[in-house]
Amino acid sequence: MNFAEEYKRKLKTPEEAVKLVKDGDWVDYSVGIGFPVLLDAALAKRKDELRDIKIRGSLAMQPIQAVEQDRERRTFTYNSWHCSGYERKLCDEGLCNYIPMIFRNMASYYRRYLTVNVAMISVAPMDNKGFFNFSMVNCTTRAILDAADLIILEVNEHMPHVYGGQEDCIHISEVDVVVEGEHKPLAQLPVPPATEIDEKIASLLLPHIPDGATIQLGIGGMPNSVGKLMAESDLKDLGMHTELLSDGFVDLYEAGKLTNSRKTLHRGKGVFGIALGSQRLYDWVGENQGLLSFPMDYVNQPSVMAQMENMISINNCIAIDLYGQVSSESAGTRHISGTGGQLDFSTGAYDAPGGKGFICMTSSYRDKAGNLKSRILPKFTEGDIITTPRTQAFYIVTEYGIVNLAGRSTWERAELLISLAHPDFRDELIAAADKQKIWRNSNRI
């Protein structure tokens, strides 16, 4: 078969391609750098022709024209599986709605429950066998395409080819329409500079990470600080199994710490579901034989993590209450990010031999008025979303130490968590614990 000829037959302009969208459709965009920039702009131009178009996306790194050109939401309703900083601002303005999920189940939502009338996904250029590689966005891409009535691929000339373990590509024979066009360089996720407190938390974590450990790092300044400190440490032969591949792993690789040589699953290969960060990261990931992309229902599956010795999971949170409930995705009812894979990795790291799951936060923060606020709360009462239930919250870390809540009673949890609080708030937390009847009699104030 002449795949180049089939490609030409299916090639359309973005404006021609989006004419396939009809009233009432569910349209799926991709995640992160898989966002279909040209198709989104073309679809936005049809706002006066269409009605009731629902769009799903995630981690958008640039303005979404279907939102920006229809800020009254007369035609387009945008929904996100996990909010980027940009999507968070849209939520604040009532222009984006979050879709609750945990990453390991997201593909099954598409395969079992969701309607996708049109999928619009950015991919790497087609190879000479007729395959389009999903590049750094394996994630749930194949599941979205499997569920779609119509598949439109946007070829992005900047997306590198990335080796995959499974579900990392689609063949031209499965595709309805292909579009091309000039793209700007791939969107980058700035690496926030580490604060002094980030570095303190990282230094507390370091003694808990053995040689040969397999690492998952979340996103943000603190996880990148951990990566940097590990790169500067005496640790050896670390492995990688992470949902989101970020710049911290490049630091580990360049320091000779990330070898994947002692992994008990996929030895010699670093495993990830999506990559998002700097151009330095993208250059490292492209055609790297030491890395494999997998879909999230594999990467984030606790039974997979349970096969790896010394699986270490390091993630952030926004707040925790004295019962051990962890909120990582909202501040009250204000949506911040998403559940993502925190619960997946907390569970999987616990199941792994020698595994540990750490949830980290600064003990306090300053609000917009400059007032110091505690991240350790007596109880959640303002609509905060619980990301990790108290039954699966284990190691908790602030700049004041590390505690393990596994098997601890309510009064023990209160004592341990108060020991992690900023000193300015400890007395009022003790008083609240006493009122909530989770403070031991011998310790009553």
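Preceding block: the structure.
Residues numbered from 1 in each chain as written. Predicted model: local features only at pLDDT ≥ 70, side-chain atom pairs only at ≥ 80, totals over all residues. Heavy atoms only, no water.

Peer 1: Help me understand the overall build of the protein chain, please; the structure alone is not making it clear to me.
Peer 2: Within the protein chain, the regular secondary structure consists of 16 helices and 25 strands. Here the protein chain has a C-alpha radius of gyration of 23 Å; the compact-globule value for 445 residues is 22 Å, and the two agree. Taking the principal axes of the C-alpha coordinates as reference, the protein chain spans close to 80 × 50 × 35 Å. Residues counted as buried form 57% of the 445 residues belonging to the protein chain. Contacts spanning at least 24 positions in sequence make up 74% of the contacts within the protein chain whose residues lie at least 6 apart. Put simply, the protein chain shows about 18,200 Å² of open surface, and 48% of that area lies on carbon and sulfur atoms. Separation of charge centres in the protein chain, based on 47 positive and 57 negative side chains, amounts to 4 Å. (Helix = DSSP H or I, 4+ residues; strand = E, 2+ residues; numbered from the N terminus. Rg over C-alpha atoms; globule rule 2.2 N^0.38 Å. Buried < 20%, exposed > 50% of the residue type's maximum accessible area, 1.4 Å probe, protein only. Contact = heavy atoms within 4.5 Å. Areas by Shrake-Rupley, 256 points an atom, 1.4 Å probe, with all protein chains shown as cover. Lys, Arg positive; Asp, Glu negative; His and termini not counted. Charge placed at Lys NZ, Arg CZ, Asp CG, Glu CD.)

Peer 1: Honestly, the packing of helix 9 (residues 221-232) against helix 10 (residues 247-254) in this entry has me stumped. Any pointers?
Peer 2: Angle between the axes and distance between the axes are the two parameters that describe a pair of packed helices. Running from N to C, helix 9 and helix 10 cross one another at 0 degrees; their axes reach a closest spacing of 8 Å. By the criterion of interaxial angle, the relationship of helix 9 to helix 10 is roughly parallel. Of the residues in helix 10, those touching helix 9 at Asn224, Gly227, Lys228, Met230 and Ala231 are Asp247, Gly248, Asp251 and Leu252. Residue composition of the contact of helix 9 with helix 10, by class: three nonpolar, three polar and three charged. (Axes fitted to C-alpha atoms, helices over the stretch in contact; angles between N-to-C directions. Parallel < 35°, antiparallel > 145°, perpendicular 65-115°, else oblique. Nonpolar A, V, L, I, M, F, W, Y, C, P; charged D, E, K, R; others polar.)

Peer 1: Help me understand the sheet that holds strand 10 (residues 177-179) in this model?
Peer 2: Backbone-to-backbone hydrogen bonds pair the strands of a sheet. The strands run either parallel or antiparallel. Judged by pairing direction, the sheet is parallel, and its eight strands sit side by side in the order 1-10-8-6-2-3-4-5 without closing on themselves. Looking at which strands have only one partner, the edges of the open sheet turn out to be strand 1 (11-12) and strand 5 (97-98). (Pairing = 2+ DSSP bridges.)

Peer 1: What should I look at first to understand the environment of Trp284 in this one?
Peer 2: In this structure, Trp284 sits in helix 11 (residues 279-285). With 37 residues separating them along the chain, Trp284 and Asp247 place their C-alpha atoms 9.7 Å apart. With residues near it in sequence (within four places) discarded, Trp284 still touches Leu245, Phe249, Val250, Tyr253, Leu258 and Leu291.

Peer 1: Where do I start with the pairing of strand 2 (residues 26-31) in this structure?
Peer 2: Successive side chains on a regular strand alternate, one facing one side of the sheet and the next facing the other. When you tally the buried positions in strand 2, you get five out of six residues, the bulk of the element. Where the polypeptide runs from strand 2 across helix 3 (residues 37-44) and back to strand 3 (residues 53-58), its parallel neighbour, the crossover connection is right-handed. Bridging between strand 2 and strand 6 (residues 116-123) involves two bridges; their strand directions are parallel. If you follow Val27 over to strand 6, its bridge partner there is Val118. (Right-handed = clockwise from strand over helix to strand, strands pointing away.)

Peer 1: How do you make sense of the side chain of Asn156 when you look at a structure like this?
Peer 2: As for its position among the elements, Asn156 is in the loop between strand 8 (148-155) and strand 9 (169-171). Dropping the residues within four chain positions of it, Asn156 is found in contact with Val123, Ala124, Pro125, His183 and Leu186.

Peer 1: Please clarify how the nonpolar core should be interpreted in this entry.
Peer 2: The tendency in soluble globular proteins is for nonpolar side chains to be buried as a group. The biggest cluster of nonpolar side chains holds 74 residues, and the ones touching the most others in it are Leu245, Val285 and Ile314. Every residue in contact with Ile314, bar those within four places of it in the chain, is listed here: Leu205, Ile209, Gln216, Leu217, Gly218, Met222, Val226, Phe358 and Cys360. If you look at the next biggest cluster of nonpolar residues, it comprises 29 residues, including Val27, Ala42, Leu43 and Val179. (Core = buried A, V, L, I, M, F, W, Y, C linked by side-chain atoms within 4.5 Å.)

Peer 1: Is there a simple way to think about the packing of helix 8 (residues 196-205) against helix 9 in this case?
Peer 2: Between helix 8 and helix 9, the shortest axis-to-axis distance is 8 Å and the interhelical angle comes to 55 degrees. Classified by the angle between their axes, helix 8 and helix 9 sit oblique to one another. Relative to helix 9, the crossing made by helix 8 is right-handed. Facing Asp198, Glu199, Ile201, Ala202, Ser203 and Leu205 of helix 8, the residues of helix 9 in contact are Gly221, Met222, Ser225, Val226 and Leu229. (Left-handed = near helix turned anticlockwise from the far one by under 90°.)

Peer 1: Could you clarify how one ought to interpret the sheet that holds strand 16 (residues 319-321) in this entry?
Peer 2: In spatial order, the strands read 17-16-23; together these three strands make up an open sheet with mixed pairing. The two strands at the open ends of the sheet, each matched to only one other strand, are strand 17 (326-327) and strand 23 (376-377). Of the strand pairs in this sheet, strand 16 and strand 23 are connected by two bridges, and their pairing is parallel. Paired with Asp321 across the two strands is Leu377, which belongs to strand 23.

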